Every structure is written in C-alpha cells, then in structure tokens.
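# What the coordinates show
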Amino acid sequence: MRNFIAIMPPSHQTLCKDDVAEAASLLRRGELVAIPTETVYGLAGLALNEAAVARIFAVKNRPHFDPLIAHLADASWLDRYVRHVPEPALALARRFWPGPLTLVLPRQENIPDLVTSGLDTVAVRVPDHPLTLQLLRELDAPLAAPSANPFGYISPTTPQHVLDQLGGRIAMVLDGGPCRVGLESSIIGFDGDKPLLYRLGGLSREQIEAVAGPVEMSLHQSSDPRAPGQLLNHYAPRTPLLLGDPALLAWEHPGRRLGYLAFQAPPDGPWMTGRVLSASADPEEAARNLFRMLRELDAQPLDYILAERLPDQGLGLAINDRLERAAQR
Ligand code: AMP
Ligand code: MG
C-alpha cells in the first residue's frame, strides 16, 4: 500500500488557472480537471460520463471498490440523483451546504455503478468554493471527485500539491488558491433515519449532533472493501510517522534524522526540522496547515516524522484520525 506511482504516464501539459469556462469545456470533452473546494482539491470528471470516471480511478491508481463523492451545485439537485432523503439528512444539508459534509443516500439509476462501486447508495456534497460552484452551475451536471492525489497519499490543499503529483496526467487545475478548511469532508450515512458517522472531517461531531441529534460512529478502520472509505493505509506520507510524545520518541531514536509535527510549540529534541500546526492552539488553523506541513516534512531527508495528537475535541478528532492513519505501516 506504499509508494504509489500513478499508473497513467504523463501525456500532456496541465493548465493551471482560474478560468471556469475553460475548465467546463475540458470537462464536457471528458477530460479531468482538479477543482478547488474548501476541504481539499478534488480530481473531477463528469459523474455521468463513465469513461471520465474510469480515468479518475486510473490516474489516482484508486481501487474500484472505493466509491467517489458526487459534487452538486445545490441541494435542489438531490431530486435528480437520489431516491429518498431522510429527514435528518435534509436538516444537515440545509444547515451545512455548501460545506464540508458528505451525505450517503439511496441513489437513482442514472448514477453509474463505477461512481458508487456498485453500492445502492451515492455520496453527495455541495462544496463551498465560488469557482467550483460556478463551474457546477455552468455544467448543470454533477462532478465525481475524490481527492486529487495518488491513492493512499496525503490529500492536496494547494494547486502546486496537485501539479507535483498529477501534473501531465490531467488537463487542468482550476486555481482557487489554498483550501480554507484543509481536511476532507465529514461523511454521514443513514440506517433508516438514524445518522451514522462514516468519516470525521471538516465538520466536527459536535456541529453535526447539534443539528441531527446523537450520531453513532461507524469509523472502524479496516482493509475490508465492504467498508468503503475506511481503508487502513490512507493519508500517509512516505516517511514513517510515529505518533506520541515527540520529545520522548526522539529519545528512543538516537542518531536518526528526525522531524517533529507539533500542535502548539516545538518540543525538545535533536531535530533536523519541524513544524508547528498552530502557535495559538487553534484546531481550525491546525487543520488548514496539516497536509501542507506533512508534505513539507515528507520532502525532507528524514528517517522519522514524530507527531503529537491534538486534544480530542472539535476538529482535533478528525486531525488525530488522519495522524493515526498516517502512522499506519
Ligand atoms: P475521497 O473523495 O477520496 O475523500 O473518498 C470518498 C469517500 O467517500 C470514500 O472513500 C468513501 O469513504 C466515501 N463514500 C463514497 N460513497 C460512499 C457510499 N456509497 N457509501 C459509503 N461511503 C461512501
Ligand atoms: Mg482521498
């Protein structure tokens, strides 16, 4: 599950600009365009075009059993692609869309099996970025978009991150600047009307429960393809990452090239380099910085990245989830 190399060879120049009309015309021709969202950059193709969706999986080297999120311009599009919207789903959509919340709902027949990995449900979301919303309205069609990185690696939060890994393999990056939230969306499914939290992300459990009532966690990590999106080796840098008290971990690894990833302040230790996620101990700022800093550390010649957990509340829970996945070997 390590060191993925996208299997599609570089084939063309990747444009990088903020031109929505050009992005729309490329997508209409079945090309792939990386799109800005508030969470992370997505690798988008027309969701109803099976050939485009197949290319998304090929470019990412993503297994077909890991379904994609369909991005909509607004909640009124649900009627086109979803059979039934449970009451709490509607309340969540009204409150948080556009925003970092994905809803898994019973799908209509028009959504290709490839998008949903053959499941009877489709994951949908309205992303909160003006360029991508404009693009969706112009296309008047949903975009399938997983994060724009090779499968298993850290998600991209800037256009440069996308170009670093997928440059030459996709037609364009729609440049919408750095991502405001920096973590993938929170994913909610339903058992009847009962909400289940499949993935912690840019919307905290507390925010979700304030609208939907108590939400059961369904986060068990697994290598079982029937638990889509809950695969073990996700969001990982190539450099081994150890999670715990960085100063203590540094003592346990003498003579190694070490980098720290700390929440609020640099820890003691013989560091080669390091990053502080938020000097003001703000979990939202930490979320915004997390993937960029992991990439910066991963680019250094380090033996280990030693990272610490955040307090288990608000976005801290989602950040800790990503750090735990990054630490999986
Ligand atoms: P990504 O866009 O890379 O963050 O991944 C999308 C994730 O959405 C998948 O890995 C799944 O966790 C989740 N997902 C998409 N569709 C479904 C579905 N029908 N049922 C459950 N989870 C889904
Ligand atoms: Mg992803």
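The structure presented is a predicted model; accordingly, all values stated were derived computationally and were not measured. (Residues numbered from 1 in each chain as written. Chains lettered and ligands numbered in written order. Predicted model: local features only at pLDDT ≥ 70, side-chain atom pairs only at ≥ 80, totals over all residues. Heavy atoms only, no water.)

## Description of the sheet that holds strand S13 (residues 258–262)
To keep things clear, this is the line we draw: Two strands make a pair as long as DSSP finds a minimum of two bridges between them. A run of H or I in DSSP counts as a helix once it spans at least four residues, and a run of E counts as a strand once it spans at least two, with each numbered from the N terminus. Working convention: axes come from line fits to C-alpha atoms, limited for helices to the stretch in contact. Angles between N-to-C directions cover 0 to 180 degrees. Any pair of residues with heavy atoms lying within 4.5 Å of one another is described as a contacting pair.
Taken together, four strands build an open sheet; the order of strands is S12-S15-S13-S14 and the sheet is parallel. Two strands close off the open sheet at either side, each with one partner strand: strand S12 (241–243) and strand S14 (273–276). Each adjacent strand pair in this sheet contributes to an overall mean axis angle of 20°, direction not counted. Relative to S14, S13 is paired through four bridges, and the arrangement is parallel. Within the sheet, the bridge partner assigned to Gly-259 lies in S14 and is Thr-273. Lying on the sheet, helix H10 (residues 283–298) is in contact with S12, S13, S14 and strand S15 (304–307); it crosses S14 at an angle near 180°. Set on the sheet, helix H11 (residues 315–327) makes contact with S12, S13 and S15; between it and S12 the angle comes to about 130°.

## A closer look at the packing of helix H1 (residues 20–28) against helix H6 (residues 130–139)
The following threshold applies: Each angle receives one of four descriptions, namely roughly parallel if under 35 degrees, roughly antiparallel if over 145, roughly perpendicular if within 65 to 115, and oblique otherwise. The sense of a crossing depends on the near helix, which, turned anticlockwise from the far helix by less than a right angle, makes the crossing left-handed and, turned clockwise, makes it right-handed. In the scheme used here, Gly and all other residues not listed as nonpolar or charged are polar, with Ala, Val, Leu, Ile, Met, Phe, Trp, Tyr, Cys and Pro taken as nonpolar and Asp, Glu, Lys and Arg as charged.
Taken N-terminus to C-terminus, the directions of H1 and H6 make an angle of 50°; their axes are 9 Å apart at the nearest point. Between H1 and H6, the crossing angle belongs to the class labelled oblique. By crossing handedness, the relation of H1 to H6 is classed as right-handed. Contacts from Val-20, Ala-21, Ala-23, Ala-24, Leu-27 and Arg-28 of H1 reach H6 at Leu-131, Gln-134, Leu-135, Glu-138 and Leu-139. Taken together, the residues of the contact of H1 with H6 break down into eight nonpolar, one polar and two charged.

## A short note on the pattern of salt bridges
Note the cut-off: One side-chain nitrogen of Lys or Arg within 4 Å of one carboxyl oxygen of Asp or Glu is enough to make a salt bridge.
Counted under the stated rule, the structure contains 18 salt bridges. Among the salt bridges present, the one from Glu-38 reaches Arg-125, with a minimum N-O distance of 2.8 Å. Residue Glu-38 is found in the loop between strand S2 (33–35) and strand S3 (42–46), and its partner Arg-125 is found in strand S6 (residues 121–125); the two are separated by 87 residues along the sequence. In this structure, Arg-257 engages Asp-303 in a salt bridge whose closest nitrogen and oxygen atoms are separated by 3.0 Å. Note that Arg-257 is positioned in the loop between helix H9 (246–251) and S13 and Asp-303 in the loop between H10 and S15, a separation of 46 residues in sequence. A single salt-bridge network, built from bridges that share partners, covers Glu-184, Asp-321, Arg-322 and Arg-325.

Purely spatial values, then, with no claim about function.
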